[in-house]
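Okay, here's what each chain looks like letter by letter:
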Amino acid sequence: MGPTTEPTVNDGLPKKMRALQYSKPRDFKVVEIDMPDLGEEDVLVKISACGVCGTDLHFHEGEFMAKFPLIPGHEAAGVVVAIGRRVTTVAVGDRVVADPMEPCRSCFYCVRDQGLLCENMSGYGGTVPGGMAEYCRYPARHVYPIGDLPSLEAVLIEPAACASHGIERMSPKVGSTVLLFGCGPTGMLLAQLLRQNGAANLTIASKGGPKLDLARQLDLADSYVCISDDNPSEDMKAIKTANPHGFDIVVEATGASSVLEQSIFYVRKGGTLVVYGVYDDAAKVAWPPSRIWTYEITVLASFCSTLKFPVVLEYVKTKKLNLKGIVNKTYRIEEWAECLEAVRKQQVVKAAIVFD
Ligand SMILES: [Zn+2]
Ligand SMILES: [Zn+2]
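Residues numbered from 1 in each chain as written. Chains lettered and ligands numbered in written order. Predicted model: local features only at pLDDT ≥ 70, side-chain atom pairs only at ≥ 80, totals over all residues.

Selection criterion: UniProt positions are given in the numbering used here, feature names are shortened, and annotations may be inferred rather than shown by experiment.
As annotated in an unreviewed UniProt entry, the chain carries the name Enoyl reductase (ER) domain-containing protein and comes from Baudoinia panamericana. The annotation that UniProt attaches to the chain under Sequence similarities (unreviewed entry) is "Belongs to the zinc-containing alcohol dehydrogenase family." Per UniProt, the chain carries the Cofactor (unreviewed entry) text "Zn(2+)".

Below is the structure:
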């Protein structure tokens, strides 16, 4: 349904809202704009928090699926304040998270049940207005009630949905040994899901800093390797020494192509390399095909996710995902420049934008 009809419940809602808007790559400001129109199958969500992730840095540069003008924000949580006439699945007052990926359902891939690969994907916060605004419109089928889950934990449902898709892609065998490069928020979610889905022995390798500290504190892995800035090759060598046969699965979740290039040499014979990070469009890697061939290595990727929110919410409901403390810094939309800087310099574990 397009945004054609008036919302069913709009009493007391303002006519205008504040939003963070890009007019073109790198050119953003906080603007006051009209409230979104609501179709009869839509809901209006008053945003309470919206996670910031590496993808937003790429949108900032105009990379990826970014369409301008752009209101970013694809990891939003909030409260339903209005619903369209035909909405029955959620009610005004429900606290919800929103799945940002909306396949077109009619392209070559969608009709083959591969919506994730949709050629006309709409992404809230990428191609259509997202959650870095006081309010956001979503189709009702894209929002999921979260009960009393705190908003700063709820913003991790979206990255966890992507992680759960990643786990399905790599489908670890029972008892797998896994090496995970990177322990950003996404890595932390992957780690938790990996250990509950086949990984018997998980090693996290990461630069030192608040992220690795938190990973240890949350007890996310069986061993940790700190890759120092001074002598990274020594630390990388130490992984080899401790694991002479390599790993069944190696996940590259740093987004650094240099690490991805190295990763292949840690995969054991018959193993799998997972390309999980978000890389610069211009990044390239060089791998010896002979290695891939003689080792029969499977190289696979996990891009994002569709329809994985219910899966993640099941883990959350049963307290099998620890989301507490991962968001460790919050900003207002007016502080976007500062927020971007902190995310870029990795001074925060995970940042979120918050609203009143
Ligand atoms: Zn994200
Ligand atoms: Zn499609």
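That covers the picture; the talk isn't over yet.
A word on unusual backbone geometry
Leave glycine aside and you will find that most residues have negative phi; peptide bonds, for their part, are mostly trans. Just so we agree on the cut-off: Strands are runs of DSSP state E lasting at least two residues, helices are runs of H or I lasting at least four, and both sets are numbered from the N terminus onward.
Each neighbour pair has its own omega, and for Phe-68 with Pro-69 the value is -5°, a cis peptide bond. Relative to the helices and strands, Pro-69 resides in the loop between helix 1 (54–60) and strand 4 (76–83). Located in the positive-phi region is Lys-319, a residue other than glycine, with phi close to 60°. Here Lys-319 lies in the loop between helix 9 (309–317) and strand 16 (329–331). You will see that Gln-346, though not glycine, has its phi angle at about 55°, which is positive.

With respect to the nonpolar core
Nonpolar side chains tend toward joint burial in soluble globular proteins. We count it as follows: Only buried Ala, Val, Leu, Ile, Met, Phe, Trp, Tyr and Cys residues enter a nonpolar core, and they are joined through C-beta atoms within 7 Å. With C-beta atoms placed from the backbone, a residue is labelled by how many other C-beta atoms lie within 10 Å of its own: buried for 20 or more, exposed for 12 or fewer, partly exposed between the two. Per the annotation, domain bounds derive from an automatic or database assignment of domains. Two residues form a contact once the distance between their C-beta atoms, set from the backbone, is within 7 Å.
Counting 101 residues, the largest nonpolar core has Val-43, Val-45, Val-97, Val-143, Leu-180, Ala-191 and Val-251 as the members making the most contacts within it. Built from parts of two domains, this core gets at least three residues from each of domain 1 (16–155 + 327–354) and domain 2 (160–301). Leaving out residues up to four positions away in the same chain, Val-43 has contacts with Val-80, Ala-82, Ile-83, Gly-84, Val-87, Val-90, Tyr-138, Ala-140 and Val-143.

Overview of the domain arrangement of the chain
Under the domain assignment, the chain is made up of domain 1 (16–155 + 327–354) and domain 2 (160–301). With centres defined by C-alpha atoms, the gap from domain 1 to domain 2 works out at 29 Å. The partner domain 2 presents eight residues to the seven residues of domain 1 that form the contact.

Regarding the packing of helix 3 (residues 157–170) against helix 9
This is how the line gets drawn: For helices, the fitted line uses only the C-alpha atoms of the stretch in contact; every axis is such a line through C-alpha atoms, and the angle between N-to-C directions lies from 0 to 180 degrees. Note on terminology: angles under 35 degrees are roughly parallel, angles over 145 are roughly antiparallel, angles of 65 to 115 are roughly perpendicular, and the others are oblique. Nonpolar residues are Ala, Val, Leu, Ile, Met, Phe, Trp, Tyr, Cys and Pro. Charged residues are Asp, Glu, Lys and Arg, and all others, Gly as well, are polar.
It is at 8 Å that the axes of helix 3 and helix 9 come closest, and there the two elements cross at 105°. The angle between helix 3 and helix 9 places the two elements in the roughly perpendicular class. Packed against helix 3, whose contacting residues are Ile-157, Ala-160, Ala-161 and Ser-164, the element helix 9 presents Phe-309, Val-311, Val-312 and Leu-313 at the interface. Residues belonging to the contact of helix 3 with helix 9 are distributed by class as follows: seven nonpolar, one polar and no charged.

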